[in-house]
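Close look at the chain arrangement
Listed below are the residues making up each chain.
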Amino acid sequence: MLELRKMNYEDVLEQWEYVTTLPANENGLTNNYEGVSFDEYKERVLPELMMHENPVNMPDWFVPETFYYLWDDGILIGEFRIRHRLTEALKTGAGHIGYSIKKEYRGNGYGTKGLAMTLELAKAIVPEEEIYLRVQKDNIPSFRAIIANGAYIAGEDEAHYLMRISKE
Ligand SMILES: CC(C)(COP(=O)(O)OP(=O)(O)OC[C@H]1O[C@@H](n2cnc3c(N)ncnc32)[C@H](O)[C@@H]1OP(=O)(O)O)[C@@H](O)C(=O)NCCC(=O)NCCS
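No experiment lies behind these values; they were computed from the predicted model shown.

**What to know about the overall build of the chain**
Secondary structure summary: the chain contains 5 helices and 9 strands in total. Relative to the compact-globule value of 15 Å for 168 residues, the chain shows a C-alpha radius of gyration of 15 Å, a close match. Expressed along its principal axes, the backbone C-alpha trace of the chain runs to roughly 45 × 40 × 30 Å. The buried share of the chain, reckoned over its 168 residues, is 26%. Restricting to contacts in the chain with at least 6 residues of sequence separation, those with at least 24 account for 54%.

Dropping the structure here:
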């Protein structure tokens, strides 16, 4: 059974394995924790990322962000993040949602289904009328997953499409 679980302390091992195997930058999705040790993840990284949902001592531009993991029958499949609202930078930048699927599980529909589940959560969180996502023009799997979830192309820059999905 597929489920989205909020980042938590019980799943520390699987979450650590996930962030340490994800590349530092893949199609614009950045990961600052590639290669971090288990102890450092548990003691520093995990508490910090969980704090991002209710930011403490963060700069003014920082928007609350919640991390979720997609699980299928006890196997961690991918990560989905929701930024709770837009700033001017996020509007033409990364938007509300960022996501990735473990390499060995890609191409099985998980990206599309996980995004659908994340959108349901995001619709209840974000105040804007539409959910914003940005995708690199050469990232065909992500583009298709976003389109399959009802998006339209609202704009573009040289390298990206700026996509939006109505909350209705
Ligand atoms: C983007 C990503 C999350 C997609 O996850 P996924 O589980 O492979 O996605 P799905 O299996 O649901 O496939 C989505 C679509 O891409 C297509 N697709 C999958 N792999 C493909 C490939 N290698 N080449 C072309 N199309 C591909 C699928 O057929 C599907 O399209 P369809 O529904 O029209 O048939 C995954 O590739 C990933 O983690 N990439 C790295 C991080 C990233 O790019 N994140 C998104 C930033 S915007």
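**A closer look at the environment of methionine 50**
With respect to the element layout, methionine 50 can be found in helix α2 (residues 38-51). With 15 C-beta atoms packed within 10 Å, methionine 50 lands in the partly exposed category. Linking methionine 50 and phenylalanine 67, residues 17 residues apart in sequence, is a C-alpha distance of 7.6 Å.

**Some points on the sheet that holds strand β4 (residues 65-72)**
Ordered in space as β1-β4-β5-β6, the 4 strands form an open sheet in which the pairing is antiparallel. Each end of this open sheet is capped by a strand with a single partner; those strands are β1 (2-6) and β6 (97-101). Averaged over all adjacent pairs, the angle separating strand axes in this sheet is 25°, with direction ignored.

**Observations regarding the site of the ligand**
Lining the immediate surroundings of the ligand are 21 residues, of which Asn27, Arg106, Gly111, Thr112 and Pro141 lie closest. Of all the secondary-structure elements, those providing two or more residues to the shell around the ligand are β6, α4 (110-125) and α5 (140-148). Here the element with the most residues in the shell around the ligand is α5; it accounts for 6 residues. Partitioning the shell around the ligand into residue classes produces 9 nonpolar, 9 polar and 3 charged.

**Focus: α4**
With 16 residues, α4 extends 22 Å from end C-alpha to end C-alpha; this agrees with the ideal 22 Å at 1.5 Å per step. Every buried residue of α4 is listed here: Gly111, Gly114, Leu115, Thr118, Leu119 and Ala122.

**Quick notes on the sheet that holds strand β7 (residues 130-136)**
Judged by pairing direction, the sheet is antiparallel, and its 3 strands sit side by side in the order β7-β9-β8 without closing on themselves. In the strand order of this sheet, the two ends are held by β7 and β8 (152-156), each with one partner. Each strand axis lies, on average, 30° off the axis of its neighbour in the sheet, ignoring direction. Across the sheet, α5 lies against β7 and β9 (160-166), angled at about 160° from β7, the strand it touches most.

**Description of the pairing of β7**
For β7, the buried fraction is high: 5 of the 7 residues fall into the buried class. In terms of strand pairing, β7 meets β9 through 7 bridges, oriented antiparallel. Bridge pairing links isoleucine 131 to isoleucine 165 in β9.

**Focus on the nonpolar core**
Within the largest apolar cluster, 24 residues are counted, with the highest numbers of intra-cluster contacts made by Ile97, Ile131, Leu133, Ile146 and Met163. Among the elements of the structure, β4, β5 (75-83), β6, α4, β7, α5 and β9 are those that each provide at least two residues to this core. Not counting residues up to four positions away in its chain, the partners in contact with methionine 163 are Leu133, Arg134, Val135, Ile146, Ala151, Ile153 and Ala154.

**Here's the deal with the packing of helix α1 (residues 12-21) against α2**
Running from N to C, α1 and α2 cross one another at 100°; their axes reach a closest spacing of 10 Å. Here α1 is positioned roughly perpendicular relative to α2, judged by the angle of their axes. Residues Val12, Gln15, Trp16 and Val19 of α1 lie in contact with α2, whose contacting residues are Phe38, Tyr41, Lys42 and Leu46. Classifying every residue of the contact of α1 with α2 by side-chain character gives 6 nonpolar, 1 polar and 1 charged.

Parameters and conventions
Residues numbered from 1 in each chain as written. Predicted model: local features only at pLDDT ≥ 70, side-chain atom pairs only at ≥ 80, totals over all residues. Helix = DSSP H or I, 4+ residues; strand = E, 2+ residues; numbered from the N terminus. Rg over C-alpha atoms; globule rule 2.2 N^0.38 Å. Buried ≥ 20, exposed ≤ 12 C-beta atoms within 10 Å, placed from the backbone. Contact = placed C-beta atoms within 7 Å. Pairing = 2+ DSSP bridges. Axes fitted to C-alpha atoms, helices over the stretch in contact; angles between N-to-C directions. Near = placed C-beta within 6 Å. Nonpolar A, V, L, I, M, F, W, Y, C, P; charged D, E, K, R; others polar. Expected span 1.5 Å × (residues − 1). Core = buried A, V, L, I, M, F, W, Y, C linked by C-beta atoms within 7 Å. Parallel < 35°, antiparallel > 145°, perpendicular 65-115°, else oblique.

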